[in-house]
Amino acid sequence: MRTLVSRLIHSTPSISRLSATAISINGRNLSTDSNKVDEPFKVEEAETVNVPPPPTEKLLVLGGNGFVGSHICREALERGLSVASLSRSGRSSLHDSWASNVAWYKGNLLSTDSLKEALNGVTAVISCVGGFGSNSYMYKINGTANINAIRAASDQGVKRFVYISAADFGVVNYLLQGYYEGKKAAETELLTRFPYGGVILRPGFIYGTRSVGSMKIPLGVIGSPLEKVLQLAKPLSQIPLVGPLLTPPVNVTAVAKVAVRAATDPVFPPGIIDVYGIQRYSQHKSN
């Protein structure tokens, strides 16, 4: 037994012999022998690829110099978007600093030629166009003008289109027939032309600080408390004809936030968003 153990011990390679054994890795010889200096590893720099930055989203606001439109323009600028506006009067009369960062176009949506230049490079459109008057006039402004814009944007390849429509107020619809018929016609056209990128916002009374010349009218004094009260009356809004009159007002900043988000967020669901949906989405933090 002692002879067998002795043979095993003497047949095991010594540590000194192992230290001199070269190890082959990736075709190069490495050695722990201090007397040998192997060829150093060559580190090759990875090839760089020029990836272009993501294109800047350009938003066109129709009626951007109005009460709702001006808040939408400002909200979009704060989110880093390139913003243009088209309206019949052109440049906004507002003297706020943000107004100088908007590209202002003058045109009439009843003439399709007005949109050609303004739609250049646009990725999304928000329309705040609307008005009151005779039934025929209201249908043209709320219906025909917006239909022209929707069709022009679709033909231009615009990805998303957001339309600021109006809540159903029951009996009031009959008093403003041209207004609501025009809105409904524009909604139908939008859902047809933009089945995956069309969003319709239906706010009720929109309150906020409205600028009229040099005067600022704080509509929030009435609108804010009324909104809180009518939110509690939501179940009563389901009553036919009379119920829609209890639709709560909504802050203009909430409308602006949701409109810009709907125009720029590719996962924002298409379709119709009512007053309660506007309130809910405005409280969500957008990316």
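Anything mentioned here points back to the structure above.
Residues numbered from 1 in each chain as written. Predicted model: local features only at pLDDT ≥ 70, side-chain atom pairs only at ≥ 80, totals over all residues. Heavy atoms only, no water.

Caption draft 1: View of the overall build of the chain. Helix and strand counts for the chain come out as 10 helices and 13 strands. In the chain, buried positions account for 43% of the 287 residues. Of all intrachain contacts in the chain linking residues separated by at least 6 positions in sequence, the fraction that spans at least 24 positions is 66%. Counting only carbon and sulfur atoms, one obtains 56% of the accessible surface of the chain, whose full area is about 17100 Å². (Helix = DSSP H or I, 4+ residues; strand = E, 2+ residues; numbered from the N terminus. Buried < 20%, exposed > 50% of the residue type's maximum accessible area, 1.4 Å probe, protein only. Contact = heavy atoms within 4.5 Å. Areas by Shrake-Rupley, 256 points an atom, 1.4 Å probe, with all protein chains shown as cover.)

Caption draft 2: Molecular detail of the side chain of N142. Considering the arrangement of structural elements, one finds N142 in helix 5 (residues 135-156). Filtering out sequence-adjacent residues up to four positions away, N142 remains in contact with V129, G130, G131, Y163, Y179, G182, K183 and A186.

Caption draft 3: Summary view of the packing of helix 5 against helix 7 (residues 177-193). Packing of helix 5 against helix 7 leaves a shortest axis separation of 6 Å and a crossing angle of 10°. In this view, helix 5 runs roughly parallel relative to helix 7, as classed from their interaxial angle. Contact residues: N135, M138, Y139, N142, G143, N146, I147, I150, R151, S154 and D155 in helix 5; Q177, G178, Y179, E181, G182, K183, A185, A186, E189, L190 and R193 in helix 7. Split by residue class, the contact of helix 5 with helix 7 holds eight nonpolar, eight polar and six charged. (Axes fitted to C-alpha atoms, helices over the stretch in contact; angles between N-to-C directions. Parallel < 35°, antiparallel > 145°, perpendicular 65-115°, else oblique. Nonpolar A, V, L, I, M, F, W, Y, C, P; charged D, E, K, R; others polar.)

Caption draft 4: Representation of the sheet that holds strand 4 (residues 82-87) within the structure. If you trace the seven strands from one edge of the open sheet to the other, you get 5-4-3-6-7-8-13, paired in parallel fashion. Lying at the two open borders of the sheet, with one neighbouring strand each, are strand 5 (103-106) and strand 13 (271-273). Ignoring which end each strand starts from, the neighbouring axes of this sheet average 20° apart. Relative to the sheet, helix 5 contacts strand 3 (58-62), strand 6 (124-127) and strand 7 (160-164), its axis offset from that of strand 7 by approximately 170°. (Pairing = 2+ DSSP bridges.)

Caption draft 5: Examining the pattern of salt bridges more closely. One pass over the structure, following the stated rule, counts six salt bridges. Of the charged contacts in the structure, one is a salt bridge between D113 and K116, with a shortest N-O distance of 3.6 Å. There is no split in this pair, since D113 and K116 are both exposed. Between D155 and R193 there is a salt bridge; the shortest N-O distance is 3.3 Å. Taken together, the residues D155 in helix 5 and R193 in helix 7 connect sequence positions 38 residues apart. What makes D155 exposed here is its relative accessible area of 62%. Among the ionic contacts, a cluster of salt bridges with common partners joins R151, D155, E189 and R193. (Salt bridge = Lys/Arg side-chain N within 4 Å of Asp/Glu carboxyl O.)

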